[in-house]
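Read off the chains here:
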Amino acid sequence: MFEHELAVFLVGTGTAANALALAHLTPPWGAVVCHSESHIATDECGAPEFFGGGLKLLGIEGTGCKIEPDVLKRTLSGRWGGPHHVRPTVLSISQATEAGTIYRSHEIRQLADIAHAHGLTLHVDGARLGNAFIRMNASLAEATWKAGVDVLSFGATKGGALAAEAVVFFDPARAAYMAERRKRAGHLFSKHRFVAVQLEAYCADGLWLRLARHANAMADRLAAGLAGLGIEPVWPVEANEVFVALPVATDACLRSAGAVYYPWSSNALSDPISAETVLVRLVTSFATTAEEVDRFIATVASR
């Protein structure tokens, strides 16, 4: 798949994949540079800090939850290191991001070059890698190690697997003692083959990409239907997530009809949200049907 020698470690959750990868790359006095709204910063209950022995997350801003090269340069040119300050050692980006946006290969390369020039490694949280990858018009190698990625959290759970994720090292030598780190964290399962067999099936014959392509197609259908009703996505729909500002009454109508989704808040918006609306995250999956999408749109139209 990756056209490269790898060291791969299977774990049970995306949080474990991220936290153990970052702990392996970062000393306790180091820092991980990430977007301020990234999953590792907002939704992992301090797991990277815990497994990293107190490592620090340095959150930076960026529209659409993407880190911008100029902002990264300014951040890394600050006063770091020495006995009084943490030292940035890893840049972590999400693919796709928490806003459902993606990094193209050339964008990853830009960030990787900056990170590597400052002595940082590049980690990618690929919980939704399949959803991002099929939009990229690139090979998997071009989207990862050829673009400068050092370590990847390869997600399968969001594609339909049950507790099956992987930490992928593109330099096997960098993975020394990762096996012990995984064991110490409780993620070396005695029935490891039940994780492995899922990933084997997931990756065989492009299944993971077919599942991601379907999820993305349902997101496109949903976004187009809502746009036809005058409700435009607040960020480009580049994976399987649609973020829209719903009128408060429409939100109430959808929930009373049984729709389940998350309200959202973000500082990564280009424009502020009206007080008469509520920002929501709508996620489609490998199992979402066109009929479900159309029923959701019809409910919105009924208001």
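Residues numbered from 1 in each chain as written. Predicted model: local features only at pLDDT ≥ 70, side-chain atom pairs only at ≥ 80, totals over all residues. Heavy atoms only, no water.

**Q** Could you give an account of the side chain of Thr101, with specific residues and numbers?
**A** With respect to the element layout, Thr101 can be found in the loop between strand S4 (87-94) and helix H5 (105-117). From its side chain, Thr101 meets the backbone oxygen of Gly64 in a polar contact 2.7 Å long. In this structure the side chain of Thr101 is engaged in a polar contact, spanning 2.6 Å, whose partner is the side chain of Thr97. Ignoring sequence-local partners within four residues, the contact set of Thr101 consists of Gly64, Lys66, Ala96, Trp235, Pro236 and Glu238. (Helix = DSSP H or I, 4+ residues; strand = E, 2+ residues; numbered from the N terminus. Polar contact = N/O pair within 3.5 Å; in protein donor to acceptor, adjacent residues only side chain to side chain. Contact = heavy atoms within 4.5 Å.)

**Q** I'd like a rundown of the environment of Val300, residues and numbers included.
**A** Note that Val300 resides in helix H12 (residues 290-301). For Val300, a relative accessible area of 6% puts it in the buried group. C-alpha separation for the pair Val300 and Leu246, spaced 54 residues apart in sequence, amounts to 9.2 Å. Those residues in contact with Val300 that lie beyond four places of it in its chain are Leu226, Leu229, Ile231, Thr250 and Leu254. (Buried < 20%, exposed > 50% of the residue type's maximum accessible area, 1.4 Å probe, protein only.)

**Q** Describe in detail the pairing of strand S5 (residues 121-126), supporting the description with residues and values.
**A** Burial analysis of S5 places six of its six residues in the buried class, which makes it a mostly covered element. Across the two faces of S5 the burial is the same, with Thr121, His123 and Asp125 and Leu122, Val124 and Gly126 all buried. Where S4 lies against S5, five bridges are found, and the strand directions are parallel. Across the sheet, the residue bridging to Leu91 is Leu122, located in S5. With respect to chirality, the unit in which S4 leads through H5 into the neighbouring parallel S5 is right-handed. (Pairing = 2+ DSSP bridges. Right-handed = clockwise from strand over helix to strand, strands pointing away.)

Any functional reading would require information that these geometric values do not contain.
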